[in-house]
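Listed below, chain by chain, are the residues.
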Amino acid sequence: MSQAEDFTPAQAGKPLARQLLAEFVGTAALLCAVIGSGIMAERLSAGNMGVALLANTLATVFALYVLIELLGPVSGAHFNPLVTLVLAFKSPPSQKGRAQAAILFIACQLLGAVAGAWLANAMFDMSVLQFSAKVRSGWGQWLAEAVATAGLILVVLRAPAAKAAGLVACYIGAAYWFTASTSFANPAAVLGRMLSDSFAGIAPASAAGFVLAQTAGALMGVLLHSALGVRQAQTQG
């Protein structure tokens, strides 16, 4: 969920520590919004799963847009290990510190996902330490995650910087509804949602399949981006 074409350890001249804080806070806030809105939606929807999913979708889209706008200038607003890896891979090989920075980004994203899940659980008077019992498995779910992640990576790589926040948020909102998995598209989201036995949760036994499917989808997104060629905005001037 980045506004940068390449992974830059010193995004816009910002110290790495500040970027890592932005990735931690952004991922935590995103997972808190996803899980918290799911809990609220489930409690208020009187069993209507369509209404609950719609409420969960809207809260996620709004939160994601705000977080990218706020934190994009600091860290690029990745909030997703696969986005970080793709952008690091696309960076020039001569760029110093990209591997170390990518590892630190991913560590902060994963820690943020855990913190966000725990915060959501605590706000709704649920046990902070818990695991989801919601099984999400099968070829349809895995294919959905591959498709959702491929689309996300394609948007990240091709969206004009000024429109990235809106395009990413809109894509995720749409993918909630056109994929069977409700579009996790993010290993950090899998980790966070594994830690809440609620509407947005995923059972630990289902996590590996989702992450593998997301990784395959990220690769497909990169290949599709390459096949489409240079973005029009890059050819001007």
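As shown above, the structure is provided for reference.
Residues numbered from 1 in each chain as written. Predicted model: local features only at pLDDT ≥ 70, side-chain atom pairs only at ≥ 80, totals over all residues. Heavy atoms only, no water.

(A) Geometry of helix α1 (residues 16-44). When the terminal C-alpha atoms of α1 are compared, their 41 Å separation across 29 residues agrees well with the 42 Å that a helix rising 1.5 Å per residue should span. The positive-phi residue at the C-terminal boundary of α1 is A46, with phi of around 55 degrees. (Helix = DSSP H or I, 4+ residues; strand = E, 2+ residues; numbered from the N terminus. Expected span 1.5 Å × (residues − 1).)

(B) Local environment of the nonpolar core. By size, the foremost hydrophobic cluster in this structure holds 38 residues, and its most contacted members are L64, I68, F79, L152, I153, V168 and Y171. Of all the secondary-structure elements, those providing two or more residues to this core are α1, α2 (49-75), α3 (81-90), α5 (139-158), α6 (164-178) and α8 (204-228). Formed by 13 residues, the second largest nonpolar core is a distinct cluster that contains I39, V114, A188 and L195. (Core = buried A, V, L, I, M, F, W, Y, C linked by side-chain atoms within 4.5 Å. Buried < 20%, exposed > 50% of the residue type's maximum accessible area, 1.4 Å probe, protein only.)

(C) Representation of the environment of A107. Mapped onto the elements, A107 comes out in helix α4 (residues 98-123). The spatial distance from the C-alpha of A107 to the C-alpha of A188 is 9.6 Å, given a sequence separation of 81 residues.

(D) Inspection of the packing of α3 against α4 at higher detail. It is the contact of α3 with α4, at a shortest axis distance of 9 Å, that shows an interaxial angle of 170 degrees. One element, α3, and the other, α4, form an angle in the roughly antiparallel class. Of α4, the residues touching α3 (which contributes P81, T84, L85, A88 and F89) are R98, A102, F105, I106, Q109 and L110. Residues of the contact of α3 with α4, tallied by class, amount to eight nonpolar, two polar and one charged. (Axes fitted to C-alpha atoms, helices over the stretch in contact; angles between N-to-C directions. Parallel < 35°, antiparallel > 145°, perpendicular 65-115°, else oblique. Contact = heavy atoms within 4.5 Å. Nonpolar A, V, L, I, M, F, W, Y, C, P; charged D, E, K, R; others polar.)

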